[in-house]
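Examination of the molecular architecture
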Amino acid sequence: MGENVPLQVADVQLTVNGSAYQYNWSRPWGAPSSIEFPKGNYTISYLAPLRNNNLQATFTRPYQVNVTLPQEFAVSNPLLAGISQGANITRQTDNTTIVQWNKTAGFNVRFYDPWHEELLWFFLQFMGILVLILVIIPYMLSFKKAE
């Protein structure tokens, strides 16, 4: 309940101005591992598993955050996607999507794939047919009986 939960990541890379920078792993007994490096302006990238097409994080201080989504994912439909405030969304020519926050203490990105969008449209069409059959047609037939 509100406690930080460490994330298991792989392929951690620390870069300065596009060049790789060495860092030290710290693995204290009974505590999660962490990396240590001198204070400065770095870019940290890593691979981590995602669940439920949702990516979120909170920080102790504001940072600039860039999230690049592969071309098979989208954030354009507000019924399926959700993005925390202050985001700048850019669709690239290779159909990838970049979501950026400038100086944010936390972010949330919920994205979807084409299958979820097709499922949404199927559901909306099904609900439209139900409304037509159960509400509109009986309402129109009630006028004929009244005449």
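Higher on the page you've got the structure.
Below, the structure is looked at part by part. Since the model is a prediction, treat every value here as computed from it, not as a measurement. (Residues numbered from 1 in each chain as written. Predicted model: local features only at pLDDT ≥ 70, side-chain atom pairs only at ≥ 80, totals over all residues. Heavy atoms only, no water.)

1. Structural notes on the overall build of the protein
Our working rule: The helix count covers DSSP runs of H or I at least four residues long, the strand count covers runs of E at least two residues long, and both are numbered beginning at the N terminus. Atoms considered for the radius of gyration are the C-alpha atoms alone. The globule rule reads 2.2 Å times the number of residues to the power 0.38. Contact between two residues is taken to exist if any of their heavy atoms lie within 4.5 Å; hydrogens are not considered.
Counting secondary structure elements, the protein contains 1 helix and 9 strands. Order of helices (α) and strands (β) in the protein, N terminus to C terminus: β-β-β-β-β-β-β-β-β-α. By the compact-globule yardstick of 15 Å for 147 residues, the protein is too spread out, its C-alpha radius of gyration being 23 Å. Summarising the internal contacts of the protein: among those between residues at least 6 apart in sequence, 64% fall at separations of at least 24.

2. Brief notes about the packing of aromatic side chains
Rules: The pairing test for Phe, Tyr and Trp rings, Trp by its six-membered ring, is centres within 6.5 Å, and the orientation test on the planes gives stacked under 30 degrees, edge-to-face over 60, and tilted for anything in between. Only protein chains enter the calculation, and the probe is 1.4 Å; a residue is then buried if its accessible area is under 20% of its type maximum, exposed if over 50%, and partly exposed in between.
In total, this model carries 7 aromatic pairs according to the counting rule given. Geometrically, the ring pair formed by F59 and Y63 is edge-to-face, given 5.3 Å between the ring centres and 75 degrees between the ring planes. Residue class for F59 comes out partly exposed when judged on its relative accessible area of 29%. An angle of 70 degrees between the planes, with centres 4.9 Å apart, marks the rings of F73 and F111 as edge-to-face.

3. A short note on the sheet that holds strand 5 (residues 43–47)
For clarity, the threshold we go by: Strand pairing is defined by DSSP finding a minimum of two bridges between the two strands.
The 3 strands are arranged 2-1-5 in an open sheet whose pairing can be described as antiparallel. Pairing within the sheet leaves two strands with one partner each, and these edge strands are strand 2 (19–20) and strand 5.

4. Some thoughts on the nonpolar core
Convention followed: Residues belong to one nonpolar core when they are buried, are Ala, Val, Leu, Ile, Met, Phe, Trp, Tyr or Cys, and are joined through side-chain atoms within 4.5 Å.
Within the largest apolar cluster, 15 residues are counted, with the highest numbers of intra-cluster contacts made by V67, L69, V75, W101, F107, V109 and F111. Of all the secondary-structure elements, those providing two or more residues to this core are strand 6 (54–69) and strand 9 (97–110). In terms of residue count, the dominant contributor to this core is strand 9 (4 residues). Beyond its immediate sequence surroundings of up to four residues, W101 is in contact with Y63, Q64, V65, V67, I83, S84, Q85, G86, A87, F107, N108 and V109.

5. Overview of unusual backbone geometry
In the Ramachandran plot, D11 falls in the positive-phi region, its phi being about 50 degrees despite a non-glycine side chain. Its place among the elements puts D11 in strand 1 (residues 10–16). Assessed through its relative accessible area of 46%, D11 is described here as partly exposed.

6. Topic: the pairing of strand 8 (residues 88–91)
Across a regular strand the side chains alternate sides, sitting on one face of the sheet and then on the other. Two elements, strand 8 and strand 9, share 4 bridges in a ladder whose sense is antiparallel. Bridge pairing in strand 9 links N88 to Q100. Between strand 8 and strand 9, which pair antiparallel one after the other, the connecting turn spans 5 residues, and N95 there sits at a positive phi close to 70 degrees.

7. Observations regarding the pairing of strand 9
In terms of strand pairing, strand 6 meets strand 9 through 11 bridges, oriented antiparallel. When the bridges of strand 9 are listed, N66 appears paired with Q100. Examined bridge by bridge, strand 7 (residues 82–83) and strand 9 share 2 bridges and lie antiparallel to one another. Bridge pairing in strand 9 links I83 to V109.

Shape is all these values report; function is a separate question.
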